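# Structure at a glance
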Amino acid sequence: MNKTKVVSEFAPLKATVLAQSQFCFPEDPKNSMDTSFLTKENVEFVNNSGGKDVAEADEKLQRDWEQEKIAMQSLLESYGVEVLRPRLLTQHEKDYGKEQGVGYSNFFSRDPFFTIGSFIIEGNLRFMHRRREIFPIRPVLNEWVKKNESYYFAAPQPDLAEGENSEVGPFIEGGDVVVLGKTVFVGYSGLASNLNGIYWLKQLLEQFDYKVIPVRLHPSILHLDCVLSMLKEGLMITCEEAFLDGIPEELKDWEKINVSLTEAANLIANDLPINEQVYVTDQAFTDLIAKIEAKGIKVETLDYHVSRMFGGSFRCTTQALIRE
């Protein structure tokens, strides 16, 4: 039996959940989706695709999106990483999403759950069209914990006493959770995780000697992993202007490759170390690639522009189960 264990963002990746490529837009995206964190091009596509599955709105885009995941799985497996995939959505789920007017999503595995040490934790997503995103992943997790030593928890359900759009939560999303040994950074910008979610996680993990550090982010940033990527011990990509209270004290002495808010919106920092020697990023980020290679790190590149259109790149489409 293996042990579920994620000790850092750059420890050797040995097992991960790689997302599917499914999304149907709500009937009226302008009123039911927050698109403030997307680029102008992406917002236009969203607003013109109300009520449609991506495959209906743009068949070629859907094919390209699926091909990205095929290429990513092949790359991960070439480095000996075990890759697990969520199931596809059922027809009932698709119909229900349309009936409820919130759409449905099955496109990012980073956010519905996260792994810290030996803890697999289901979170709560703030956006209504993403609240059921854990269900296609849960069968993978159920099978995993049968065969691999793990602690499996779920955050309390969001409080809906003030309505579906209540800010109470608790909301806690995997994209906001960054692990560095026994220190866990959790971002909050008003778009995803909130303080209620962070405090719930803090109460849980402090019983096991973890330190949970809330990180206040610029309101245009969806998740912490959009502005912080740890390549190896002492080296990170970061968007300093996104940290409203400054870079966390624990990271102030780290060497920084800085990016702008505009670059962060294009998900230049939402990439994936396979280990401290290998880093995966989009082939479009040529300047960044040169800077990383100058640090002696091998850079693997893929075309991931479709995934980035929907607000997530290599880290968003993966969630580690073993990194040690």
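In this report, we go over the structure that sits alongside the text. Computed from a predicted model, the values in this text were never measured in an experiment.

## A closer look at the pattern of salt bridges
- All told, the structure shown has 16 salt bridges when counted by the stated rule.
- One salt bridge connects Glu 93 with Arg 87, and the closest N-O pair in it is separated by 2.8 Å.
- Relative accessible area serves as the criterion here: at 29%, Arg 87 is assigned to the partly exposed category.
- For Glu 255, the salt bridge goes to Lys 295, with nearest N and O atoms at 2.2 Å. Of the two residues, Glu 255 is situated in strand 16 (residues 255–258) and Lys 295 in the loop between helix 9 (286–293) and strand 19 (298–302); the sequence distance between them amounts to 40 residues.
- On the basis of relative accessible area, Lys 295 is assigned to the partly exposed category, the value being 32%.
- Taken together, the shared-partner salt bridges connect Glu 9, Asp 225 and Arg 315 into one network.

## Re helix 6 (residues 138–147)
- Along helix 6, the positions that sit buried rather than exposed are Val 140, Leu 141 and Trp 144. Projected down its long axis, helix 6 shows its buried positions confined to an angular sector of 95°, all on one face.

## Details of the nonpolar core
- Counting 36 residues, the largest nonpolar core has Phe 185, Leu 224, Val 227, Met 230, Ile 237, Leu 251 and Ile 292 as the members making the most contacts within it.
- Counting residues per element, the ones that place at least two in this core are strand 11 (177–180), strand 13 (211–216), strand 14 (228–232), strand 15 (235–238) and helix 9.
- With sequence-adjacent residues up to four places away left out, Ile 292 is seen in contact with Leu 231, Ile 237, Ile 257, Tyr 279, Ile 297 and Val 299.
- Ranked by size, the runner-up nonpolar core spans 18 residues in total, among them Ile 116, Phe 119, Val 177 and Leu 205.

## Quick look at the sheet that holds strand 13
- Read across the open sheet, the 3 strands follow the order 11-12-13; overall the sheet is mixed. Strands at the two margins of the open sheet, each flanked by one partner only, are strand 11 and strand 13. Here the average twist between neighbouring strands, direction ignored, is 25°.

## Focus: the side chain of Asp 176
- Locating Asp 176 in the fold gives a position in the loop between strand 10 (151–154) and strand 11.
- Buried within the structure, Asp 176 lacks any salt-bridge partner; its nearest side chain of opposite charge belongs to Arg 126, at an N-O separation of 7.9 Å.
- A distance of 2.9 Å separates the side chain of Asp 176 from the backbone nitrogen of Leu 224, its partner in a polar contact.
- Not counting chain neighbours up to four residues away, the residues in contact with Asp 176 comprise Phe 185, Val 186, Gly 187, Tyr 188, Ala 192, Ser 193, Leu 217, Leu 222, His 223 and Leu 224.

## Some words on the packing of aromatic side chains
- Considering all chains together, one arrives at 15 aromatic pairs under this definition.
- Geometrically, the ring pair formed by Tyr 151 and Phe 208 is tilted, given 6.1 Å between the ring centres and 45° between the ring planes. A residue pair is termed long-range when its members are at least 10 positions apart, and Tyr 151 in strand 10 and Phe 208 in the loop between helix 7 (195–205) and strand 13 qualify at 57 residues.
- Their ring planes at 15° and their centres at 4.0 Å tell us that Tyr 304 and Phe 314 sit as a pair that is stacked.

## Notes on the sheet that holds strand 15
- Taken together, 3 strands build an open sheet; the order of strands is 14-15-16 and the sheet is mixed. Every interior strand has two partners, whereas the edge strands, strand 14 and strand 16, have only one. Taken over all neighbouring pairs, the strand axes of this sheet differ in orientation by 25° on average, direction set aside.
- Packed onto the sheet, helix 9 meets strand 14, strand 15 and strand 16 and runs at close to 165° relative to strand 16.

## Considerations on the pairing of strand 8 (residues 119–122)
- Every second residue of strand 8 is oriented toward a common face, with Phe 119 and Ile 121 on one face and Ile 120 and Glu 122 on the other, all of them buried.
- Adjacent in sequence and paired antiparallel, strand 7 (residues 113–116) and strand 8 are bridged by 2 residues, among which Gly 117 carries a positive phi angle near 55°.
- Bridge analysis of strand 8 against strand 10 gives 4 bridges, and the strand direction is parallel. The residue bridging Glu 122 from the neighbouring strand is Ala 154, located in strand 10.

Calculation notes
Residues numbered from 1 in each chain as written. Predicted model: local features only at pLDDT ≥ 70, side-chain atom pairs only at ≥ 80, totals over all residues. Heavy atoms only, no water. Salt bridge = Lys/Arg side-chain N within 4 Å of Asp/Glu carboxyl O. Buried < 20%, exposed > 50% of the residue type's maximum accessible area, 1.4 Å probe, protein only. Helix = DSSP H or I, 4+ residues; strand = E, 2+ residues; numbered from the N terminus. Arc of directions from axis to C-beta. Core = buried A, V, L, I, M, F, W, Y, C linked by side-chain atoms within 4.5 Å. Contact = heavy atoms within 4.5 Å. Pairing = 2+ DSSP bridges. Axes fitted to C-alpha atoms, helices over the stretch in contact; angles between N-to-C directions. Lys, Arg positive; Asp, Glu negative; His and termini not counted. Polar contact = N/O pair within 3.5 Å; in protein donor to acceptor, adjacent residues only side chain to side chain. Phe/Tyr/Trp six-rings, centres within 6.5 Å; stacked < 30°, edge-to-face > 60°.

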